[in-house]
Amino acid sequence: MNAENKMEDLISIGELARLTGITTHTLRMWEKRYGTPLSQRLPSGHRRYPKEDVPRLRAISKALESGYRASKVVSGTLEELHGLMGLKPLIDSNPTSPQELESSSNEMLVERWIKGIHEYEDDCLLQGFHEQWNKVGPLKFIVDCMVPFIERVGNGWESGELSISNEHFATECVDSFLTSKWRQLNSRKEGWSILMATLPGETHNLGLLMSSVVASLSGGKIIYLGLNTPLEDIISTANKNEPELLCLSISLGEKILDPEDCLLKIRSELKKEVTIISGGKGTPDNLPKINKIEDFNTFNQWLEKFEKQLPVAN
Ligand code: B12
């Protein structure tokens, strides 16, 4: 939500439900799961939404009536939803398909952010992240914008276009943005838990931060250990806190221990009830009882299924 929304432009959850035909329970659940529609809280704790959310939510309501799944449409923009429903996108003035339009506009966005890195414009970069997050929702932000951006930074560094200080500057901006977002999504959660960690010697934490954002869209409460955690501590924290899920992110960067040995040791010392997921290009293939997941759409779908089969808390 735009911080500059004036009070008279905000409406209550009841009014939003009335105007869109979506129940208040569903609106709250979507906010928790998908981060959208994002409410602003009054000091009393009541939710307020910008009036401008109404057309998009009406389009979502129509898409659901037509048989689309919530996970596919809730984060969509108004233009995408219109495209999906066979209506001409409002801003489409040339014959390119909506998918082509979207990917070329994402590329332009990434190049704008790269310019922000060249010029060390952190305000502009963070503002750009916020705007895009609010526009497309957390999952699409990660999959369509943040992953290509990080890859582009890596390529820029490799080709010599970006200096090491450019890369560090970009990493710090991404780190602080993603940290604030997953913590916000994760607040006031109770129930089942997810332990997020990296192996000893890991110096890359952006994969873990992105997976924390996606994991925060589920009902699971995150325990975040971050970079370079000794194996014994990952194991003892898991055994003490009994999370339902342990998620690891293993980058291509050099490690002090072999990732395969680490994963096998962790697996052998955790209770079988703890499911282990590992992502990142450094994750070895085909290890017994270790689920390797490479992309965040798959991770999100996997979490939806995983959550459904958990025993319901009393
Ligand atoms: C940002 C970055 C850095 C930052 C990291 C800061 C930070 N806090 O993370 C800094 C500047 C510190 C850095 C340092 C170094 N880096 Co670096 N870095 C990168 C860069 C650009 C992104 C890395 C990253 O975050 N990857 C993580 C994610 C985004 O990528 P991924 O592993 O492919 O994972 C994908 C999925 O699997 C999924 N995923 C990831 N985790 C998880 C977890 C779960 C649960 C799930 C479901 C999914 C998932 O997300 C990704 C999306 O597609 C990469 C280039 C690149 N394209 O990856 C180089 C890269 C990883 N770095 C590299 C190198 C060489 C280094 C240095 C050694 C450089 C140096 N000479 O000092 C040092 C490392 C020092 C050390 N001791 O390890 C190399 C590694 C090559 C190799 N095989 O060894 C790379 C590949 C660059 C290159 N092309 O050469 N780096």
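The structure presented is a predicted model; accordingly, all values stated were derived computationally and were not measured.

So, the overall build of the protein chain
Scanning the protein chain for helices and strands turns up 13 helices and 8 strands. Its C-alpha radius of gyration of 21 Å places the protein chain within 12% of the 20 Å reference for a compact globule of 314 residues. Considered along the principal axes of its C-alpha atoms, the protein chain spans approximately 55 × 55 × 40 Å. Residues classed as buried in the protein chain amount to 35% of the 314 residues present. If you take every contact in the protein chain between residues at least 6 apart in sequence, the share linking residues at least 24 apart comes to 68%.

Looking at the pairing of strand S3 (residues 47-50)
Every regular strand shows the same layout, with side chains that alternate between the two sheet faces. The side-chain alternation of S3 yields one buried face, formed by Arg47 and Tyr49, and one unburied face, formed by Arg48 and Pro50. Sheet analysis places strand S1 (residues 10-12) next to S3, joined by 3 bridges and oriented antiparallel. Looking at S3, one finds that Leu10 is bridged to Pro50. In this structure, strand S2 (residues 40-41) lies alongside S3, joined through 2 bridges in antiparallel fashion. The residue bridging Arg41 from the neighbouring strand is Arg47, located in S3. Connecting S2 to the antiparallel partner S3 that follows it, the hairpin turn spans 5 residues, and Gly45 within it adopts a positive phi of roughly 95°.

Focus on the domain arrangement of the protein chain
Structurally, the protein chain comprises domain 1 (7-84), domain 2 (98-182) and domain 3 (189-308). Centre-to-centre separation of domain 1 and domain 3, based on C-alpha positions: 32 Å.

Details of the site of the ligand
Inspection of the region around the ligand gives 32 residues, with Gly154, Leu206, Gly207, Ser249 and Gly279 positioned closest. Sorting the residues of the shell around the ligand by element identifies helix H8 (138-159), helix H9 (164-186), helix H10 (206-216), strand S6 (245-249) and strand S7 (275-279) as the ones contributing at least two each. For the shell around the ligand, the class distribution of residues is 11 nonpolar, 13 polar and 8 charged. Residues from two domains meet in the shell around the ligand; each of domain 2 (98-182) and domain 3 (189-308) gives at least three.

Notes on helix H1 (residues 13-20)
Buried residues of H1: Ile13, Leu16 and Thr20, and no others. All buried residues of H1 project into a common sector of 60° when viewed along the axis, lining one side. Exposed residues pointing more than 90 degrees away from the buried face of H1 are listed as Gly14 and Arg18. Considering only its buried residues, H1 is in contact with S1, helix H2 (24-34), S3 and helix H3 (53-65). Taken from the residues just after H1, Gly21 is the one with a positive phi, measuring 75°.

Describing the nonpolar core
Counting residues in hydrophobic clusters, the biggest one holds 69 residues, and the most contacted among them are Ile142, Met196, Met210, Val213, Val214 and Cys247. Apart from residues lying up to four places away in sequence, Val213 is in contact with Pro138, Ile142, Leu178, Lys181, Trp182 and Leu185.

With respect to the packing of H8 against H10
H10 packs onto H8 with a crossing angle of 170° between their chain directions and a minimal axis gap of 10 Å. With respect to H10, the element H8 is oriented roughly antiparallel. By crossing handedness, the relation of H8 to H10 is classed as left-handed. Listed contacts from H10 to Pro138, Leu139, Ile142, Met146 and Ile150 of H8 are Leu206, Met210, Val213 and Val214. A class-by-class count of the residues in the contact of H8 with H10 yields 9 nonpolar, no polar and no charged.

Focus: the sheet that holds S2
Taken in spatial order, the 3 strands make up an open sheet running S1-S3-S2, and their pairing is antiparallel. Each end of this open sheet is capped by a strand with a single partner; those strands are S1 and S2. The strands touched by H1 within the sheet are S1 and S3, with S1 carrying the most contacts at an inclination of about 90°.

A word on the sheet that holds S7
An order of S5-S4-S6-S7-S8 is seen for the 5 strands of this open sheet, with the pairing classed as parallel. Two strands bound the open sheet, and with one partner strand each, they are strand S5 (221-226) and strand S8 (291-292). Pairing of strand S4 (residues 193-197) with S5 involves 5 bridges; the strand directions are parallel. Bridged to Met196 within S5 is Tyr224.

What counts as what
- Residues numbered from 1 in each chain as written.
- Predicted model: local features only at pLDDT ≥ 70, side-chain atom pairs only at ≥ 80, totals over all residues.
- Helix = DSSP H or I, 4+ residues; strand = E, 2+ residues; numbered from the N terminus.
- Rg over C-alpha atoms; globule rule 2.2 N^0.38 Å.
- Buried ≥ 20, exposed ≤ 12 C-beta atoms within 10 Å, placed from the backbone.
- Contact = placed C-beta atoms within 7 Å.
- Pairing = 2+ DSSP bridges.
- Domains from an automatic or database assignment.
- Near = placed C-beta within 6 Å.
- Nonpolar A, V, L, I, M, F, W, Y, C, P; charged D, E, K, R; others polar.
- Arc of directions from axis to C-beta.
- Core = buried A, V, L, I, M, F, W, Y, C linked by C-beta atoms within 7 Å.
- Axes fitted to C-alpha atoms, helices over the stretch in contact; angles between N-to-C directions.
- Parallel < 35°, antiparallel > 145°, perpendicular 65-115°, else oblique.
- Left-handed = near helix turned anticlockwise from the far one by under 90°.

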